[in-house]
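# Fold and contact review
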Amino acid sequence: MVSFPLFAGIAASVLHVISGPDHLAAVTPLAIETKRKVWKIGLFWGFGHLTGMLLIGMLFLLFKEYIPLEKISEHSEQLVGIVLIAVGIWAFFSIFFKHKGHKYPHVHDGKEPYIHVHEHEHNTSKLEHSHAHTKKVKQNMWSSFGIGTLHGLAGIAHFMLLLPVLGFRNQLDSIQYILGFALGTVLAMTIYTFLLGKITNYTKGQSKSLYKTIRLSGGVFAILIGVYWLYLGY
């Protein structure tokens, strides 16, 4: 049976994640453009967000009298806006300028075996295509982690969500709330990117125009939210 502090922590963090358009805007283009293990984009964002909150929390506890944390948070918010715009632009680049195929080495047997390089196109109907594309997946995952860390650093308001810890009667309840908050943060974004990946892959097989529209929407979403965050910072 889930205890109330644990459940409250999960609920608070899930609401925090899904109610923040900047959170969703950060991972949406990355998730759409990632072809495999899309759920890891959300997982890494969640870990990054917790890392950022932990870092700002440690700074607050150790150096609150010497470091202008409000200024750090303010500049972090502006940096998040810039990063969101960059992610949106990257999404447009992937749609309009990146070639669908790529080059890879191919070995020909014969009296004198030789290796040459040629391009091939990605086609979901070709079952013989089996080599993995792990480099791009890893790049997107670590990009998501970095953005999540920035989100964790941006906004002292995050600590408002941890204030209930002060109201619990014992330390065990407080620890359960914090663990629930951490679990909910990772779980919410992992589920979001998993579902987004399923929807994206389904539309890709059904309608190329709809698939392209979803990709464009992800980029526009990120840019609009990024501009809004920059506007708030000034």
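Above: the structure in question.
Just so it is clear, the model here is predicted, and its values are computed rather than measured.

### Quick word on the overall build of the chain
Across its full length, the chain carries 7 helices and 2 strands. Starting at the N terminus, the α and β elements of the chain follow one another as α-α-α-α-β-β-α-α-α. The contacts in the chain between residues at least 6 apart in sequence include a share of 76% that link residues at least 24 apart.

### Comments concerning empty space enclosed by the protein
What the rule picks out here adds up to 1 cavity of 30 Å³ or more. Those elements giving two or more residues to the lining of the largest cavity turn out to be α2 (21–33) and α6 (171–206). Considering each element in turn, the lining of the largest cavity owes the most residues, 4 residues, to α6. Class assignment of the residues belonging to the lining of the largest cavity gives a composition of 4 nonpolar, 4 polar and 2 charged.

### With respect to α6
Helix length check: α6, at 36 residues, gives a terminal C-alpha distance of 53 Å against a target of 52 Å (1.5 Å per residue), a fit within 8%. N-capping of α6 is provided by N170, with a side-chain oxygen placed 3.2 Å from the backbone N of L172.

### Let's talk about the pattern of salt bridges
One side chain can pair with another of opposite charge once the charged atoms of both are near each other. According to the stated counting rule, one finds 1 salt bridge in the structure shown. When the shortest N-O distance is used, the salt bridge between R215 and E33 registers 2.8 Å. In this pair, R215 sits in helix α7 (residues 208–232) while E33 sits in helix α2, placing the two residues 182 residues apart along the sequence. The exposure classification of R215 matches that of E33, with both residues buried.

Conventions used here
Residues numbered from 1 in each chain as written. Predicted model: local features only at pLDDT ≥ 70, side-chain atom pairs only at ≥ 80, totals over all residues. Heavy atoms only, no water. Helix = DSSP H or I, 4+ residues; strand = E, 2+ residues; numbered from the N terminus. Contact = heavy atoms within 4.5 Å. 1 Å grid on protein atoms, 1.4 Å probe; cavity = no way out; pocket = protein on both sides within 12 Å on 5 of 7 lines; lining within 4 Å. Points joined across faces, edges and corners; volume = space filled by probe spheres on them. Nonpolar A, V, L, I, M, F, W, Y, C, P; charged D, E, K, R; others polar. Expected span 1.5 Å × (residues − 1). Polar contact = N/O pair within 3.5 Å; in protein donor to acceptor, adjacent residues only side chain to side chain. Salt bridge = Lys/Arg side-chain N within 4 Å of Asp/Glu carboxyl O. Buried < 20%, exposed > 50% of the residue type's maximum accessible area, 1.4 Å probe, protein only.

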